[in-house]
Amino acid sequence: MKCPLDESLLVDYLEGELEATASSMVSEHLKSCPVCRTEYEALLEAREALRAMRESKTEEPPESFWQESLQAVAQATYRRRVDSSLGKVIKFPYLKPKFLAAAAVVMMALAGTLKWGLFTGRSVRSPETVVQAVSPANNIALEDSLYLLTRAIYQCDLAAMALESIGELEAGDTSGIPSAGMVFPVGRSVYEGLLDLKDNEIDNVMVLLASL
Amino acid sequence: METDGQLIAQVLHGEREKFGILVERYQRQIYRFLIRMGLDHDETADIMQNAFIKAYSNLKSVREEGSFRCWLYTIAANQAKNYLRQVSRRGVQVSPEALYSVEERDNPELIYERRSLRDRIEEAMVRLSEIQRQVVVLRAFEDLPFKEVAKITNMSLSGVKVTYHRALKKMSISFKIKVSNTKLEAREKGQNEMSA
């Protein structure tokens, strides 16, 4: 007579995954069939050995390893600066009033830097410094956006300082002032940074912009 | 506590830092899994981090609620498999980290007992094929349901059960060979002592 227990059924029985009726049928069969019983005992022995080993606590790396590992993943993923955003395709703008207001403030800040930043003589703060100084509650999305924004202003300021230092402005030559073509990709990176923000974060950006 | 699905939705809606919670939630499990697949600590750390980075990049593709864990194991398993193939390992050795127990340090008797168990299991697992080992680790050590094991290994449900069956049987045969050899050695040793 052919044995009714196939490999899959025996595994289900071993792992307790059969319903009561099927389970008792297999039990009965094992009592009367030495071939299947031997097979079952072999599986049980291996499975029990594995379980015993599982129960013994495996040595784990120190807590610092998990923190470092988390940091490494964070740096490579959600804390990654959006430096590649200049190469991205522009998305269709969100038409939320708050977003438009924030975008307008950003553009005004950029325009202001271009037009008046040259003559204010204020010190230029790097994007990293600004982000570090205002980093609110470890909010990475907001930090990223601020980084983009201050980078844009920083670039314009640096360009202005460079021009000033070589005396081109004094000579009346304004050809080196950042052009609309140059500002556009910078503005785009700011714009894309804003796309990632939620409403309350846009509020924060606007407040922070005012303090720059 | 937020579910995996809720955290993923939040990440996709801009709260990217929430991904850190998922990393914290699963990094120990993935580490244990990779160590038991036979990788050493450094290899495991690299592959585990790469698995999370890959998961983050493709987070939008996790649609089913509750499937993140399974998906993460799949990524880690594939990366481990590719790595092991790259270094052309045959008959993967279980790394010492997988077999070392914290409480054993102060208990010599336990060391002897557990070491004997570990030796048996180590020798038996070396004889398993890569896929048999993967199924055994996921089911017997990680305690995942067969359905999840099937998804991770890209096999049918019955295929996984048959693989598990054959792996356990192979391990059991390995145990018997080891026991027979030990008895044989003991007998030979006894005969040598008598004749001396």
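I will try to describe carefully the structure that is included in this document. (Residues numbered from 1 in each chain as written. Chains lettered and ligands numbered in written order. Predicted model: local features only at pLDDT ≥ 70, side-chain atom pairs only at ≥ 80, totals over all residues. Heavy atoms only, no water.)

The number of helices and strands found in chain A is nine helices and zero strands. Written out in order from the N terminus, the α and β elements of chain A read α-α-α-α-α-α-α-α-α. Looking at chain A residue by residue over its 212 residues, the buried ones come to 41%. A separation of at least 24 residues holds for 77% of the contacts in chain A among residues at least 6 apart in sequence. (Helix = DSSP H or I, 4+ residues; strand = E, 2+ residues; numbered from the N terminus. Buried < 20%, exposed > 50% of the residue type's maximum accessible area, 1.4 Å probe, protein only. Contact = heavy atoms within 4.5 Å.)

Tracing the backbone shows E15 of chain A in the loop between α1 (7–14) and α2 (20–32). Residue classification places E15 of chain A among the buried positions, given a relative accessible area of 13%.

Moving on, we get to the packing of α2 of chain A against helix α3 (residues 34–55) of chain A. Two measures define how a pair of helices packs: the angle their axes make with one another and the distance between the axes. All names here are of chain A. The contact between α2 and α3 brings their axes to 6 Å, and the two run at 110°. The orientation of α2 relative to α3 falls into the category roughly perpendicular. The interaxial crossing formed by α2 with α3 has left-handed handedness. Contact residues: α2 offers H29, L30, K31 and S32, while α3 offers P34, C36, R37 and Y40. Here the contact of α2 with α3 is built from residues that sort into four nonpolar, two polar and two charged. (Axes fitted to C-alpha atoms, helices over the stretch in contact; angles between N-to-C directions. Parallel < 35°, antiparallel > 145°, perpendicular 65-115°, else oblique. Left-handed = near helix turned anticlockwise from the far one by under 90°. Nonpolar A, V, L, I, M, F, W, Y, C, P; charged D, E, K, R; others polar.)

Take the packing of aromatic side chains next. All names here are of chain B. All chains considered together, the criterion is met by nine aromatic pairs over all chains. Between F146 and Y164, the ring centres sit 5.5 Å apart and the planes meet at 70°, which makes this aromatic pair edge-to-face. One end of the pair, F146, is in helix α8 (residues 146–153); the other, Y164, is in helix α9 (residues 157–195), and 18 residues separate them in sequence. There is no split in this pair, since F146 and Y164 are both buried. The lysine or arginine in question, R139, covers the ring of F146, its NZ or CZ lying 4.3 Å from the ring centre. (Phe/Tyr/Trp six-rings, centres within 6.5 Å; stacked < 30°, edge-to-face > 60°. Lys NZ or Arg CZ within 6 Å of the ring centre and 35° of its normal.)

With that out of the way, let us pick up the pattern of salt bridges. Pairing is possible between side chains of opposite charge, provided their charged atoms come close. For the structure on display, the rule yields 15 salt bridges over all chains. The partner of E28 of chain A in a salt bridge is K31 of chain A, with the nearest N and O atoms 3.3 Å apart. Taken together, the residues E28 of chain A and K31 of chain A, both in helix α2 and three residues apart, mark about one turn of the helix. A salt bridge links R36 of chain B to E142 of chain B; the nearest nitrogen and oxygen atoms lie 3.9 Å apart. One end of the pair, R36 of chain B, is in helix α2 (residues 19–36); the other, E142 of chain B, is in the loop between α7 (130–141) and α8, with 106 residues separating them in the sequence. (Salt bridge = Lys/Arg side-chain N within 4 Å of Asp/Glu carboxyl O.)

On to the environment of I121 of chain B, then. Residues and elements named next belong to chain B. One can find I121 in helix α6 (residues 108–126). The exposure class of I121 is buried, given its relative accessible area of 0%. C-alpha separation for the pair I121 and F175, spaced 54 residues apart in sequence, amounts to 7.8 Å.

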